[in-house]
Amino acid sequence: MKRTSNFRETVFAGWDRPLLIESVKLLQRRFESNTSLDLSNLLCVLPSGLGVGRLKTLLAERARTESLQYRSPDIITIGQLPERLYLATSPLALEFEQTLAWANVLRQMRADELLPLIPTVPPREPISPWLDLAGIIRRLHEELASSKLTFHNVFEAAETESEKRRWKLLSHLLDLYRDAIEKAGLSDPHAQRQLAVENQRCRTDKLVVLIGTSDLSDAAVSMLSCLSGNILSFVAAPKSKSDHFDSFGCVVTEKWIGHHLPLLDEHLIPAADVSDQATAVAEFVQDLGSRYSSEQITIGVTDPSQVGPIEVTLRGCGVGSFRHLGWTVSQTAIGRLLTLTANHLQRRTWQSLASLVRHADVARMITSRLNEPNSEKWLTQLDQLLSNHFPVRVDKPLPANAIRTVPLAIAACEAVTDWLSEFESTEGHDSDRPIAQWSKLIASWLGKLYESDTEKPESQSGERTLLALAASLQLIQRFADLNTGLDMRVSGAAAIEMLAGRLGDVRIAGAAKSDDLEIVGWLDLALDDKPAMVVAGFNHPFVPGATTSDPFLPGSLRTKLRMADNDRRYARDAYAMQVMLSSRTDIRFIVGKSKADGTPTPPSRLLAAAPPEDSARRIRFLLGKPRVKSPVHLRWDATTSNAAGSANGSHLLIPTFNLNREEDVVTAMSVTAFRDYLACPYRFYLRHVLKLRPLDDASRELAANQFGDLVHGALERFGDSPQRTETQASKIEANLLEHLHQYASDHYGSDASTAVAIQIAQAERRLKAVALVQAERINQAWTIHASEAVVDQSSGAGIEVDGKWMGLKGRFDRIDFHSQSGRWAILDYKTHGHKPEKKHLDKTPDGYRWIDLQLPLYRMMIPFLGIDAPPADVSLGYFNISEKEDETRINLAEFSESQMIEAEELIRNCVRNIWAKKFAPTRDRVQFDDYSMILQTGVASRMLDEVDSWDAEEIEV
């Protein structure tokens, strides 16, 4: 084909066929010669990496199908184009080097000088806030430069004095930034591009082919306009719409603002939240399944948060998917490791350690380092340490009780400290190093941790980890080669945190399987060439993208500066939607009502690209009644179809028990076990037979039972001390507080959380009230006979039920004896003010029911305590230690003899049911439920099922 110099042509390929497929045909038609297709002199430019990959595939397939000798073109994205059109006069600063230069400039300013920019100026250390601010300013500079603007241009357009001060400061900072870059022997890429345009240095020896580049930046257009070379633009539109595009194929905003889209009512699907939108995707895909294979369907998303729910829904239907958006490294095991490590190095708390060691790769490292019997129990012991002792910093001494009971947790902490020793800051020693040095150290550190994972992983998550590791090491290598003039000295924690932050922008993606449905972002959909498509999240603010909330450049200022404002984004997305609708017959747009965080999302403004009566009708339809849902049964993945069939439409089942195990036979019960069985037989089995106990490693304060143990501990020690016969309240108080602080020291040490310290102070106040009651009790001739007396099977404690024996276990807080009358009293310490009757009996329409059998059980166990008195003559009650001083008193139980006989029969009946293996879960609400996740009491579907079953029973009755 004969060309003239500065050749520029726009080819309108129509929008009723996919542009990439048409572009391949057009390129073949123009450049095929005999049996060869030589495209090596072409520089093809596409909007995204997905388009680049697809064009490469289509060209190679066409050449193979046509048996052509093929030489491929150079295919790049728009972002790569500028640096292909000029030669820089000095090396370009990397993105991170630019951020470092901005950070250095900002840190050198006085705090008062930066006030027009930020109201609260951070201290010079740590460096992370400065890097965050530097990143914001770098991106702002980049966005302005893409529109051929500078901070000074915004200063001239600003209206208020505060805005003018801000932009004047930014303009000054830009000069300082450029000086810093230049002193380091580098240059700013945006400045270099502008110089190339001004000096007419833009050139290439290739034919530039623009394919679907409908949204080029002003800076890119300027570079192309002064290019001393040939340009060919392929536009997905008919020739009749040529006035809707400029010479480079970019949309003309004004022409698209009033454009009406060929949208039909049937193209829209109403949905509720993100989960329901995912279900709607699966429903439509199932409908397409009879006409298309999985390779012919594209799932579009307008917001990355929609990808996860869609993947989960499809997986539940037995269908695989592939997200072209990929994952950021920060979403992978590598990213989480770096974030957790930086957090622990900065905080050095037991809580940060607990989060770090739950990383699977860190846990594996610890287990291998401990290398001793039962080393797998270290994590349980760590949870016990946190839930029972509430330590704060790992470098503070632990209480004696913790050192004795959780040695493996301490060993795990020491293993982590040794593992991270190279990054630790030590007192009196400056451990700061340049980022380049830290980068080499971090690369070696990661390599050692994952050196055993170099073989091909079996799972997708393992493959993702290796991809993330490779991407991380590649980025780290770039940091290791930082310009020494811009590098800075930071701590090891800051270096890891910095790297973790940078990895948040790095994406990885594996390879799609043959049957995977492809999930594609909105900006890639216009070039998609599959015949069927469903797009989730057709809502504001996702489509079209809005810029009104930008704190620096709101929509009004953008319009004034003629930047990429809301109108331009609307035009871009309206054109994209026109192409999607025109190039395929099977397409749907799912309009939801809320996004992932529950925030309401109105329908997209693109619904208004129609006659008013159509828009109004569609809005009423979308906001009206929910759609009629259909069951989803997808069967493309034969390997998972059986699993999908069993899972689809089912509910999670509550686990069942193997009740034939000999080791699970109940031969002895504690006092609290009876209360638990009354509350729920299923939960009783979990706690007392399977020994499943919750551990809350996230709590910062004593639970109710732990606060009770704190008070009990002081009273128990007092009851065993010589001072238990003391008659003066002041001396009793002093002794109680001494025992309290000793107990707290043994269990919580000197570095417990602030909340625990406050609770200890609250216990002090309660014990002061106890001292007054105790003094009165002693003066009434009562003495403490025993404290924390224990009876169990070894002492013969138990009851006979139907000829069989059930052992009983109990610990009695306090046994009092009245020397003058010979009376006995058994008292249980309670950190509340309720009387025994309230805690043991629950009112019902027919009277009452027993909900706790503690005191009746105490009476049955009296013969095993060595008390020389009939059980009926022994007083039973509470020593209430309430938060209210007037409720701190001794409350004796006033159960009638018939009630006690009834309770004893209930106790025997509980034993019969336990031996009969009756462990069905209760339908009643259980307070303070430790097993709600197992019983799914918070799952809506289960709650509704229970309501339905109750209603059915009522109807049946």
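Scroll up a little and you will see the structure.
Nothing here was measured: the structure is a model prediction, and the numbers come from that model.

1. Description of the overall build of the protein
So, step 1. The helix and strand tally for the protein stands at 34 helices and 27 strands.
So, step 2. The principal-axis extents of the C-alpha atoms in the protein amount to approximately 125 × 75 × 55 Å.
So, step 3. By the burial criterion, 49% of the 957 residues in the protein qualify as buried.
So, step 4. Sequence-distant contacts, at least 24 apart, represent 76% of the contacts inside the protein between residues at least 6 apart.
So, step 5. When the accessible surface of the protein is split by element, carbon and sulfur atoms take 50% of a total near 45,700 Å².
So, step 6. Across the protein, the mean location of the 109 positive side-chain charges is 5 Å away from that of the 126 negative side-chain charges.

2. A closer look at the sheet that holds strand S1 (residues 8-12)
So, step 1. Pairing within the open sheet is parallel, and its 5 strands lie in the order S1-S8-S7-S4-S6. Single-partner strands in this sheet number two, and they are S1 and strand S6 (74-77). Strand-to-strand twist in this sheet, taken as the mean axis angle between neighbours without regard to direction, amounts to 20°.
So, step 2. For strand S7 (residues 207-211) and strand S8 (residues 231-235), the ladder comprises 4 bridges, and the chain directions are parallel. Counted as the bridge partner of Leu210 is Ser233 from S8.

3. Regarding the sheet that holds strand S5 (residues 69-71)
So, step 1. Strand order in the open sheet formed by 3 strands is S2-S3-S5, and the pairing between neighbours is mixed. The strands lining the two open edges of the sheet, one partner per strand, are strand S2 (32-33) and S5.
So, step 2. Bridge count between strand S3 (residues 36-38) and S5: 3 bridges; the pairing is parallel. Along S5, the bridge assignment pairs Asp38 with Arg71.

4. Notes on the pairing of strand S17 (residues 532-536)
So, step 1. Burial analysis of S17 places 5 of its 5 residues in the buried class, the great majority of the element.
So, step 2. Both faces of S17 are covered, namely the face carrying Ala532, Val534 and Ala536 and the face carrying Met533 and Val535.
So, step 3. Pairing analysis gives 5 bridges linking S17 to strand S18 (residues 586-591), with the strands arranged parallel. Residue pairing in the sheet places Val535 in a bridge with Phe589 of S18.

5. Re the pattern of salt bridges
So, step 1. Taken as a whole, this structure holds 48 salt bridges when the rule is applied.
So, step 2. Between Asp265 and Arg618 there is a salt bridge whose closest N-O contact spans 2.7 Å. One end of the pair, Asp265, is in the loop between helix H9 (253-257) and strand S9 (268-270); the other, Arg618, is in helix H23 (residues 612-622), and 353 residues separate them in sequence.
So, step 3. For the salt bridge of Asp361 with Arg364, the shortest nitrogen-to-oxygen distance reads 3.8 Å.

6. Some details on the nonpolar core
So, step 1. Core analysis: the largest hydrophobic core is formed by 102 residues, its most contacted members being Trp167, Trp419 and Leu553.
So, step 2. Ranked by size, the runner-up nonpolar core spans 62 residues in total, among them Phe12, Ile211, Val235 and Val520.

7. Observations concerning the packing of aromatic side chains
So, step 1. Enumeration according to the criterion identifies 25 aromatic pairs in this entry.
So, step 2. An aromatic cluster is defined as three or more aromatic residues linked by ring pairs; in this entry it consists of Phe657, Tyr677, Tyr682, Phe684, Tyr685 and Phe919.

8. Some thoughts on unusual backbone geometry
So, step 1. Put simply, His540 and Pro541 share a cis peptide bond, and its omega is 15°.
So, step 2. Note on placement: Pro541 falls in the loop between S17 and helix H21 (555-561).
So, step 3. With an omega of -10°, the peptide bond running from Val543 to Pro544 counts as cis.
So, step 4. Mapped onto the elements of the fold, Pro544 is located in the loop between S17 and H21.
So, step 5. The phi torsion at Gln200 lies on the positive side, around 55°, for a residue other than glycine.
So, step 6. Turning to its location among the elements, Gln200 is positioned in the loop between helix H7 (189-198) and S7.
So, step 7. When its relative accessible area of 48% is taken as the criterion, Gln200 is described as partly exposed.
So, step 8. Although it is not a glycine, Ala781 sits at a positive phi angle of roughly 80°.
So, step 9. Tracing the chain through its elements places Ala781 in the loop between helix H29 (754-779) and strand S20 (782-791).

9. Concerning helix H14 (residues 360-370)
So, step 1. Restricting attention to buried positions, one finds in H14 the residues Asp361, Val362, Ala363, Met365, Ile366 and Leu370.
So, step 2. Where the residues of H14 are buried, they touch helix H12 (333-347), helix H13 (350-357), helix H15 (378-389), helix H17 (407-419) and helix H18 (435-449).

10. A closer look at the packing of H13 against H17
Relative placement of two packed helices is described by the angle separating their axes and the distance separating the axes.
So, step 1. At a minimum axis distance of 11 Å, the contact between H13 and H17 shows a crossing angle of 80°. One finds that H13 runs roughly perpendicular with respect to H17. Of the residues in H17, those in contact with Trp350, Leu353, Leu356 and Val357 of H13 are Ala409, Cys413, Val416 and Trp419.
So, step 2. For the contact of H13 with H17, the class distribution of residues is 8 nonpolar, no polar and no charged.

11. Here's the deal with the side chain of Asn891
So, step 1. Turning to its location among the elements, Asn891 is positioned in strand S27 (residues 889-892).
So, step 2. In this structure the side chain of Asn891 is engaged in a polar contact, spanning 2.6 Å, whose partner is the side chain of Asn880.
So, step 3. Those residues in contact with Asn891 that sit more than four places away from it in its chain are Lys835, Pro836, Gly877, Tyr878 and Asn880.

12. Focus: the environment of Lys530
So, step 1. With respect to the helices and strands, the residue Lys530 is situated in the loop between strand S16 (517-521) and S17.
So, step 2. Here Lys530 falls in the buried class, since its relative accessible area comes to 12%.
So, step 3. A sequence separation of 238 residues divides Lys530 from Tyr292, and the C-alpha atoms of the two residues are 10.0 Å apart.
So, step 4. With residues up to four places along the chain from it excluded, the contact list for Lys530 reads Glu295, Gln296, Ile297, Thr298, Glu518 and Arg584.

Calculation criteria
- Residues numbered from 1 in each chain as written.
- Predicted model: local features only at pLDDT ≥ 70, side-chain atom pairs only at ≥ 80, totals over all residues.
- Heavy atoms only, no water.
- Helix = DSSP H or I, 4+ residues; strand = E, 2+ residues; numbered from the N terminus.
- Buried < 20%, exposed > 50% of the residue type's maximum accessible area, 1.4 Å probe, protein only.
- Contact = heavy atoms within 4.5 Å.
- Areas by Shrake-Rupley, 256 points an atom, 1.4 Å probe, with all protein chains shown as cover.
- Lys, Arg positive; Asp, Glu negative; His and termini not counted.
- Charge placed at Lys NZ, Arg CZ, Asp CG, Glu CD.
- Pairing = 2+ DSSP bridges.
- Axes fitted to C-alpha atoms, helices over the stretch in contact; angles between N-to-C directions.
- Salt bridge = Lys/Arg side-chain N within 4 Å of Asp/Glu carboxyl O.
- Core = buried A, V, L, I, M, F, W, Y, C linked by side-chain atoms within 4.5 Å.
- Phe/Tyr/Trp six-rings, centres within 6.5 Å; stacked < 30°, edge-to-face > 60°.
- Parallel < 35°, antiparallel > 145°, perpendicular 65-115°, else oblique.
- Nonpolar A, V, L, I, M, F, W, Y, C, P; charged D, E, K, R; others polar.
- Polar contact = N/O pair within 3.5 Å; in protein donor to acceptor, adjacent residues only side chain to side chain.

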